[in-house]
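The chain contents come next:
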Amino acid sequence: MKTQLKAKLLQHLLRNKKNDKGFTLIELLVVIIIIGILAAIALPSFLNQASKARQAEAKQTLGAVVRGQQAYRLENPTFADEIAKLALGVKSQTKNYNYVDALGGNPGKFSEDGKTFGKYAEIFGDALDEDAVKDYAAAAAASQDESGNATTITQICEANKPIGQTGAKAAETTYDDSATPPEIDCDEANGNIPL
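Draft legend 1. View of unusual backbone geometry. In this model, Ala 87 sits at a positive phi of 55°, which is unusual for a non-glycine residue. Mapped onto the elements of the fold, Ala 87 is located in the loop between α2 (25-75) and β1 (97-100). Residue Ala 87 is classed as exposed on the basis of its relative accessible area, which comes to 67%.

The following block contains the structure:
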């Protein structure tokens with residue numbers, strides 16, 4: 001009896017195995033559609049994170065450069081006119097940005113106020129991928145109040161969107177020479193955001 005039961009059980013299992021050989025075409029299509037929807041949702045988020053990582057490079061570099069300008073200004077009567085003089089080990093050109101005196105300008109140089117860098121020095125992070133990452137501007141300024149107290153300030157500005165996108169403006173700062181202490185404004189009217 002036990003042998004008969006085992007034989008019937010094996011026959012039953014073999015018969016059911018022949019019927020359940022694989023997935024139907026509809027099941028496969030549903031799985032492919034679900035994977036496609038998930039990929040369409042996740043891909044823009046992933047690309048945005050990659051852009052944020054590249055932009056972090058510019059923020060970090062420009063932050064180091066303007067702090068270096070403050071230190072340089074404490075030891076000298078003027079600001080440095082190029083990144084190399086700050087001795088920070090910062091490259092003026094990377095695979096994501098060129099650090100220049102004006103957008104599209106001279107790598108490693110600072111723009112100045114026309115007074116031998118005595119009061120103001122500015123540098124731009126010019127994005128190489130203008131469709132994905134934003135441009136940046138950074139400035140260091142110095143002034144003296146009526147009591148003879150000297151001060152320096154720094155500011156980093158971010159463009160409101162990448163230049164390659166319609167309506168984007170380059171990061172730009174303006175310096176108010178009459179202000180005591182000095183003020184660096186990110187020119188928010190043109191879509192620049194102070195960081």
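Draft legend 2. Region of interest: the pairing of β1. Neither face of β1 is exposed, since Tyr 97 and Tyr 99 on one face and Asn 98 and Val 100 on the opposite face are all buried. Across 4 bridges, β1 lies against strand β3 (residues 120-127) in antiparallel orientation. Looking at β3, one finds that Tyr 99 is bridged to Gly 125.

Draft legend 3. Representation of the side chain of Asn 98 in the model. As for its placement among the helices and strands, Asn 98 is situated in strand β1. Each residue touching Asn 98, except ones within four places of it in the same chain, is listed here: Ser 92, Gln 93, Phe 124, Gly 125, Asp 126 and Leu 128.

Draft legend 4. Focus on the pairing of β3. For β3, the tally of buried residues reaches 8 of 8 residues, placing the bulk of the element in the interior. Strand direction decides the pairing type here: β3 and strand β4 (residues 136-144), joined by 6 bridges, are antiparallel. In the strand pairing of β4, Glu 122 is matched with Ala 139.

Draft legend 5. Quick look at the pattern of salt bridges. Throughout the structure, instances matching the rule amount to 5 salt bridges. Across the pair Glu 158 and Lys 59 runs a salt bridge, and its minimum N-O distance is 3.9 Å. Separated by 99 residues along the polypeptide, Glu 158 in strand β5 (residues 150-159) and Lys 59 in helix α2 bring together distant segments of the chain. On the basis of relative accessibility, which here comes to 8%, the residue Glu 158 falls in the buried class. Lys 59 sits in the partly exposed class, given a relative accessible area of 35%. Linking Glu 82 and Lys 109 is a salt bridge whose minimum nitrogen-to-oxygen distance equals 2.8 Å. Of this pair, Glu 82 sits in the loop between α2 and β1 while Lys 109 is found in the loop between β1 and β2 (111-112), placing the two residues 27 residues apart along the sequence. Judged by its relative accessible area of 23%, Glu 82 is partly exposed. Look at Lys 109 and you get partly exposed, because its relative accessible area is 32%.

Basis of the calculations
- Residues numbered from 1 in each chain as written.
- Predicted model: local features only at pLDDT ≥ 70, side-chain atom pairs only at ≥ 80, totals over all residues.
- Heavy atoms only, no water.
- Helix = DSSP H or I, 4+ residues; strand = E, 2+ residues; numbered from the N terminus.
- Buried < 20%, exposed > 50% of the residue type's maximum accessible area, 1.4 Å probe, protein only.
- Pairing = 2+ DSSP bridges.
- Contact = heavy atoms within 4.5 Å.
- Salt bridge = Lys/Arg side-chain N within 4 Å of Asp/Glu carboxyl O.

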